[in-house]
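Examining the three-dimensional arrangement
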Amino acid sequence: MMECNAIRQAVCVNETVFDSTAEVPLETDITLPDYCPDIVRILKCSLNSCVKSTHLQGRQLIIEGVCSVCVLYLGEETAGGELRLRSISYKLPYTKSVELKGDATQVIAFVCSGSSYCNCRAVSKRRIELRASVEHRICAVSSGEAEVITDAADDTENPSGIQLHRSSLSQTGFVTQARDLLDIQEELELANGKPPIRSILCSHACAVVLDQKLISGKIVTKGELRITVLYAADSSGGTKAEEMYYTLPISGVIDAPGADDSCICSLGYAVCEYELSPKSDAQGENTLLELRAQVAVSAEVCRRMELAVADDCYSTRYACESQTRPFRFLSLVETVEERCLYKGEVELPAEIQTILNGWATVSDSSLRFEEENGSRKAVLQIDLDICLLAQEADGSIQFYDKTEQMECSFPLSGVDAQAKLIFCPQISVIGFDYSRGASSLQVRCEVLVRGCISQLCQCSVMEQITVDETKPIQREDDCSLTIYYADPGETLWDIAKHYHTGMQSVMEANAQIELSEDSSISGREMLLIPILPN
């Protein structure tokens, strides 16, 4: 037995090493700072989670993140005094590890936040007991290399007549997965005519990508941080709220080894941490805000590759054997960066007199893949929590929320029917406004969905070809040409392989018929088959 002189090329191979959800339980006690008034009643406790980094540690995938907790409450600065709306923010860093199936030296980790739970209660006027949990959907895929046969070089002195059948392999492989943190520090001014700040009631922030560019091993990104601030003014008595809106530029250069301008990049932002605190100006009035924020940048970089890989073979001279193996690879289907719009009507309780502030958060999401008229699509169902701070006729402040559902669909093209589809979208609310009617609220909410829809495909490729020179192909010496009547559905490759003759020779002998290696013969056809001499 002699091994054929095969020409090989390295390709990316992938295996799923984790595909499930992981829950992160969180428990802590929060003590109010000295400058905060005593708690009378908690209105709302909300939680936002952000993944900062992922890395391998042995056979474990380590996820590091932070949860930002915001507690809205009514407090009194003196016993029996006027109730004032206040808020307190708290950060809970966490680490979650999941066990992977099998060894992996490099992993592509798709992580997105699922449902979250947050509950808090005041155990005293100065202390809050917090119980929360965050669910992450995780799909981790190992990334390695394997060599596949793409061609074979025959021996010029003793040719074995190797014939190869090749299939086209379109791969959009992942070059790298990059994560980084951008720190932002700014001093913000109140708009002209706005009264000074007594206290910050609540604030919301989102980050939006505006531009990105790939250069050698780097990603240059630009975007903006959008902030909404609701504060109580010195002149408002703590009940009338003032709003401010800010838009700040974001820019950064992210390391992305192996990336260049020929690659495809999907990049997104997530606000991990931000803190706003009032600051005095030169006159001693709180007309400034000091901002400290941290934005997480995550990017998937892919490269398209077209290969012709050998998946079958035979020899025109000797008995021939091949060894094949199943080959799995991750391929990009679509990069998603879609703005989905929710429009709806929310019924208002009759006792609401004034709406102080409104916003929306994503509390949960679910994904399904559907087939419609022969094509597939991804359907993302999003649970939106519509939140309202309102003042009633008696002057008391209440919190109202209602969960609404919206759907976003993404058409898919070029999907293998047998492939496993992977999509872990990052979902963020980037716009919210409302208009009030007599008894209802018309709500408009813009949601940004970003991520990569990928498929884990499988095919068979050849690893090795051996030729047995002790077993030559036996033919009749007096025959140089035979006539073969092909049946519908047969391919030229199968016929040439059966007669151990050259593919090119068969096509040349039947030049009057349009034939290709893989085309099926449509009707019964007479073919001339050249027979090679012994």
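In short, a report on the structure. (Residues numbered from 1 in each chain as written. Predicted model: local features only at pLDDT ≥ 70, side-chain atom pairs only at ≥ 80, totals over all residues. Heavy atoms only, no water.)

**Structural notes on the overall build of the protein**
Stated precisely, the cut-off is as follows: Think of it this way: any DSSP run of H or I at least four residues long counts as a helix, any run of E at least two long counts as a strand, and we number them from the N terminus. Here the globule rule is a power law, 2.2 Å times the number of residues to the power 0.38, and the radius of gyration is based on C-alpha atoms. In this analysis, two residues are considered to be in contact whenever any of their non-hydrogen atoms come within 4.5 Å of each other. Per-residue and other accessible areas were derived by the Shrake-Rupley procedure at a 1.4 Å probe size, with only the shown protein chains allowed to occlude residues. Within this scheme the basic residues Lys and Arg register as positive and the acidic residues Asp and Glu register as negative, but His and the chain ends are omitted. The location of each charge is read from NZ of Lys, CZ of Arg, CG of Asp or CD of Glu.
Scanning the protein from terminus to terminus reveals two helices and 22 strands. Relative to a compact globule of 534 residues, whose C-alpha radius of gyration would be 24 Å, the protein shows 32 Å and is clearly more extended. C-alpha atoms of the protein, sized along the principal axes, occupy 115 × 45 × 40 Å. Counting only contacts in the protein whose residues sit at least 6 apart along the sequence, the fraction spanning at least 24 positions is 78%. Looking at the protein as shown, the accessible area adds up to about 25,700 Å², and 43% of this sits on carbon and sulfur atoms. Positive and negative charge centroids in the protein, built from 46 and 79 side chains respectively, lie 7 Å apart.

**Side note on the pattern of salt bridges**
Basically, it comes down to this: Only one rule defines a salt bridge in this text: a Lys or Arg side-chain nitrogen within 4 Å of an Asp or Glu carboxyl oxygen. Buried residues are those whose accessible area, probed at 1.4 Å on protein chains only, stays under 20% of the maximum for their type, while exposed residues exceed 50% and partly exposed ones sit between those limits.
A full pass over the atoms with the stated rule returns 25 salt bridges. The partner of R450 in a salt bridge is E300, with the nearest N and O atoms 3.6 Å apart. Here R450, found in strand β20 (residues 440-472), pairs with E300, found in strand β13 (residues 288-315); they are 150 residues apart in sequence, far enough to count as distant. Neither R450 nor E300 differs from the other in exposure class; each is buried. Members of the salt-bridge network, linked through shared partners, are E27, R121, E129 and R131.

**A short note on the sheet that holds strand β10 (residues 218-233)**
Convention followed: What makes two strands pair is DSSP finding at least two bridges between them. Fitted lines through C-alpha atoms give the axes, limited to the stretch in contact for helices. The angle between two N-to-C directions lies from 0 to 180 degrees.
Taking strand neighbours across the sheet as the criterion, the three strands line up as β9-β10-β11 in an open arrangement whose pairing is antiparallel. A strand with exactly one partner marks an edge of an open sheet, and here the two such strands are β9 (197-215) and β11 (241-255). Across the sheet, the mean angle separating the axes of adjacent strands is 15° when strand polarity is ignored. The pairing of β10 with β11 spans 15 bridges and is classified as antiparallel. Opposite L230, over in β11, you have E243 as the bridge partner.

**Here's the deal with the environment of I473**
Within the secondary structure, I473 sits in the loop between β20 and β21 (481-486). Between the C-alpha atoms of I473 and D416, which are 57 residues apart in sequence, the distance is 39 Å.

**So, the packing of aromatic side chains**
Test applied: Two rings from Phe, Tyr or Trp (for Trp, the six-membered ring) form a pair when their centres sit within 6.5 Å of each other. Planes less than 30 degrees apart are called stacked, planes more than 60 degrees apart edge-to-face, and all others tilted.
This structure, assessed with the given rule, holds seven aromatic pairs. Each ring, one from F110 and one from F174, has its centre 5.6 Å from the other, and the planes form 80°; the classification is edge-to-face. Linking F110 in strand β6 (residues 107-122) with F174 in strand β8 (residues 162-189), this pair joins segments that are 64 residues apart in sequence. Looking at F110, the relative accessible area reads 5%, which means it is buried. On the numbers, 6.0 Å between centres and 85° between planes, the contact of F410 with F423 is edge-to-face. Within this pair, whereas F410 is found in strand β17 (residues 397-412), its partner F423 is found in the loop between β18 (420-422) and β19 (426-436), the two being separated by 13 residues in sequence. Of the two residues, F410 and F423, neither departs from the other in class, the shared state being buried.

**Brief notes about the state of the cysteines**
In protein chemistry, a disulfide is the covalent bond that joins the sulfur atoms of two cysteines. Defined as follows: What counts as a disulfide here is a pair of cysteine sulfur atoms lying within 2.5 Å.
The tally for this structure, following the rule as stated, stands at one disulfide. Each disulfide pairs two cysteine sulfurs, and for C50 the partner residue is C272, the sulfurs being separated by 2.0 Å. Because the torsion about its S-S bond is -55°, the bridge between C50 and C272 counts as left-handed. Of the two residues, C50 is situated in strand β3 (residues 38-57) and C272 in strand β12 (residues 264-279); the sequence distance between them amounts to 222 residues. Taking the relative accessible area as the measure of exposure, C272 reaches 1% and is therefore buried. Residue C118 stays outside any disulfide, its sulfur separated by 3.2 Å from that of C45, the closest cysteine. Between C202, a cysteine without a disulfide, and C70, which holds the nearest cysteine sulfur, the sulfur-to-sulfur distance is 6.8 Å. Assessed through its relative accessible area of 3%, C202 is described here as buried.

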